[in-house]
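# Coordinate inspection notes
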Amino acid sequence: MSQEERTNSGAPISRRDFNRAAVIAAAPVILGATTGEALAASDKKTNGKSSVDAALYSRCVEQAARYLTTVGQAEDGSYSGKSGIGVTTIAATALLSNGWKPEDPAVAKSLKLIESCVQPDGGVYTPGGLYANYETCLAIMCFVAANERRYDKIIQNAEAFVKKEQWGSPENVKEPSDLSYGGAGYGKHQRPDLSNTAFLTDALRAAGNCPDDPAIQRALVFVSRCQNFESENNTNMQAALNPDGGFFYTCAAGGNSPAGDTLEGGLRSYGSMTYSGLKSFIHAGLKADDPRVKAATRWIRANYDLESNPGLGDSGLFYFYHVFAKTMGALGETFFADASGAKHDWRAELVETLAKRQGADGSWVNSNRRWMEGDPNLVTSYALLAMHYCRPAV
């Protein structure tokens, strides 16, 4: 059907609802609502089964959820509310993705607070803050994870808002040759970066947009330009100076990588952005044989590591764990081979890594406080989101 699909009962549904239903069904890739059936499908594809310790997994998840709901949450439903609604939204999504229901008291309070931040322009953000695009993308994913039809209009309006905010949209015009084109950002000047652009593609896919959606294809241009690899959209100097296939933070405004510069003047690649970039490629419909995907995967194989955020040590470590798990879930491989040929049961390895870092109270926190990772609410939510990609098959 070109204009509409039909439900099992024969009633027509919109193309958007059909796409969104397909996205929810494929939640391990987009939202991370990993199910036993999804893991079984992955196992069948790879002729193997993950050996995640089910008891260890359950203990870590239960202790983390207990921390968030009994210690981390304020009476109004917020988490670390002084920083805006971002942490609250991430925490609510983490709980929902791990089996908590929208009507569970802690989740319901957070959802009510997030809903109170719906703005007249369609965005869902803290009034007067600098993170409207970021918070709205997070809210879209949270409301989709809640999977309640009463949020449909909010999601639709929020989607329109983030599309307008994207550089290169009809409302925010940039020429395709501009290095900001296709990107999303925050702050006073909205300089685009790969992290925010990856959240944008996550949110758009969660809302039911297909890979060929114009906003996702614009994002693909920006993401490609943050890769240290020459391609059809990326003929920038950086790609030639450090052609290792990994990704850095932003190609805009002269380019930037927290990992620093190479001796040749290129921008160093690092883990969290390389996984984010590869995931965004998958969201945009690129296949395993695409040279950009092959180059990114090659970098990941050469730098496979769960003791650090490759290239950055312990900076942004738990953000890295989150995007590592989400990207590996999108790749759909139970066992991932590194450059030496060693095969990693990445789910089991990640659960063990997180378990040994979990505090006695169930929380996680990074001793390196960079990028707010000294906040146990944020870090515990990142870890809990990562854990749900590792759910043992049943």
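Residues numbered from 1 in each chain as written. Predicted model: local features only at pLDDT ≥ 70, side-chain atom pairs only at ≥ 80, totals over all residues. Heavy atoms only, no water.

Another point: the overall build of the protein. Helices and strands together make up the secondary structure of the protein, namely 16 helices and 6 strands. Among the 394 residues that make up the protein, the fraction classed as buried is 58%. For the protein, the share of sequence-separated contacts (at least 6 apart) that also reach a separation of at least 24 residues comes to 66%. Accessible area for the protein stands at about 16100 Å²; split by element, carbon and sulfur atoms hold 52% of it. (Helix = DSSP H or I, 4+ residues; strand = E, 2+ residues; numbered from the N terminus. Buried < 20%, exposed > 50% of the residue type's maximum accessible area, 1.4 Å probe, protein only. Contact = heavy atoms within 4.5 Å. Areas by Shrake-Rupley, 256 points an atom, 1.4 Å probe, with all protein chains shown as cover.)

Attention shifts here to the packing of helix α5 (residues 86-97) against helix α16 (residues 376-388). Following both chains from N to C, one finds α5 and α16 inclined at 30 degrees, their axes separated by 9 Å at the closest point. The pairing of α5 with α16 is recorded here as roughly parallel in orientation. For the element pair α5 and α16, the recorded crossing hand is left-handed. Of the residues in α16, those in contact with Val87, Ile90, Ala91, Thr93, Ala94, Leu95 and Ser97 of α5 are Asn377, Leu378, Ser381, Tyr382, Leu384, Leu385 and His388. Residues belonging to the contact of α5 with α16 are distributed by class as follows: 9 nonpolar, 5 polar and no charged. (Axes fitted to C-alpha atoms, helices over the stretch in contact; angles between N-to-C directions. Parallel < 35°, antiparallel > 145°, perpendicular 65-115°, else oblique. Left-handed = near helix turned anticlockwise from the far one by under 90°. Nonpolar A, V, L, I, M, F, W, Y, C, P; charged D, E, K, R; others polar.)

Let's shift gears to helix α13 (residues 291-302). Every α-helix carries 3.6 residues per turn, so stepping three or four residues along brings you back to the same face. Taking 1.5 Å of rise per residue, the 12 residues of α13 would be expected to cover 16 Å, and the 16 Å separating its terminal C-alpha atoms lies within 8% of that figure. When we look at burial in α13, the residues that qualify are Arg292, Val293, Ala295, Ala296, Thr297, Trp299 and Ile300. Here the buried face of α13 lies against α10 (214-225), α12 (271-283) and β5 (335-337). Where α13 begins, the side chain of aspartate 290 points an oxygen toward the backbone nitrogen of arginine 292, at a separation of 2.8 Å. (Expected span 1.5 Å × (residues − 1). Polar contact = N/O pair within 3.5 Å; in protein donor to acceptor, adjacent residues only side chain to side chain.)

It is worth spelling out empty space enclosed by the protein at this point. All chains considered together, the criterion is met by 2 cavities of 30 Å³ or more. The space that makes up the second largest cavity amounts to roughly 30 Å³. Lining of the second largest cavity is provided by Ser195, Ala198, Phe199, Asp202, Ser276, Lys279, Tyr319, His322, Val323 and Lys326. If you list the elements that add at least two residues to the lining of the second largest cavity, you get α9 (194-206), α12 and α14 (317-331). For the lining of the second largest cavity, a count of residues per class yields 4 nonpolar, 3 polar and 3 charged. (1 Å grid on protein atoms, 1.4 Å probe; cavity = no way out; pocket = protein on both sides within 12 Å on 5 of 7 lines; lining within 4 Å. Points joined across faces, edges and corners; volume = space filled by probe spheres on them.)

Moving on to the side chain of threonine 327. When you line up the elements, threonine 327 lands in helix α14. For threonine 327, the contacting residues outside a window of four places in its chain are Tyr275, Ser276, Leu278 and Lys279.

By the element assignment, threonine 197 lies in helix α9. Assessed through its relative accessible area of 0%, threonine 197 is described here as buried. In this view, threonine 197 contacts Gly182, Gly183, Ala184, Ala219, Phe222 and Val223; residues no more than four positions away in its chain are not counted.

Looking at the secondary structure, you find proline 176 in the loop between α8 (152-165) and β3 (184-185). Counting along the chain gives 42 residues from proline 176 to arginine 218, while the straight-line C-alpha distance between them is 8.5 Å. Look past the residues within four positions of proline 176 in its chain and what remains in contact with it is Tyr181 and Arg225.

On to the confidence of the model for the protein. Mean pLDDT over the protein: 89, with 88% of residues reaching 70 or higher. Here residues 1-13 is modelled with pLDDT under 50, and outside its nearest four sequence neighbours on either side it reaches 16 contacts, counting other chains as well. Counted against residues more than four places away or in other chains, residues 21-47, with its pLDDT under 50, gives 58 contacts. (pLDDT = per-residue confidence, 0-100.)

Attention shifts here to a nonpolar patch on the surface. On the surface, Leu130, Tyr131 and Tyr186 cluster together into a nonpolar patch covering about 250 Å² of accessible area. Relative to the helices and strands, tyrosine 186 resides in the loop between β3 and β4 (192-193). Looking at tyrosine 186, the relative accessible area reads 30%, which means it is partly exposed. (Patch = residues over 30% accessible without salt bridge, like charges linked within 9 Å, V, L, I, M, F, W, Y side chains within 5 Å. Salt bridge = Lys/Arg side-chain N within 4 Å of Asp/Glu carboxyl O.)

A word on the environment of histidine 189. Along the chain, histidine 189 falls in the loop between β3 and β4. Accessibility expressed as a relative area gives 70% for histidine 189, which makes it exposed.

Following the criterion strictly, the structure yields 16 aromatic pairs and no others. Three or more aromatic residues joined by ring pairs form one cluster here, namely Tyr275, Tyr304, Phe318, Phe320, Tyr321, Phe324, Phe336 and Trp346. Positioned above the aromatic ring of tryptophan 167, the side-chain terminus of lysine 174 is 4.8 Å from the ring centre. When the ring centre of phenylalanine 336 is taken as origin, the NZ or CZ atom of arginine 301, which lies over that ring, is 4.5 Å away. (Phe/Tyr/Trp six-rings, centres within 6.5 Å; stacked < 30°, edge-to-face > 60°. Lys NZ or Arg CZ within 6 Å of the ring centre and 35° of its normal.)

So, about the packing of α14 against α16. As a packed pair, α14 and α16 sit with axes 8 Å apart at the nearest point and diverge in direction by 20 degrees. Classified by the interaxial angle, the pair formed by α14 and α16 is roughly parallel. The way α14 lies across α16 gives a crossing that is left-handed. Along its contact with α14, which presents Phe318, Tyr319, Tyr321, His322 and Ala325, the element α16 presents Val379, Tyr382, Ala383, Leu385 and Ala386. Among the residues forming the contact of α14 with α16, the class breakdown is 9 nonpolar, 1 polar and no charged.

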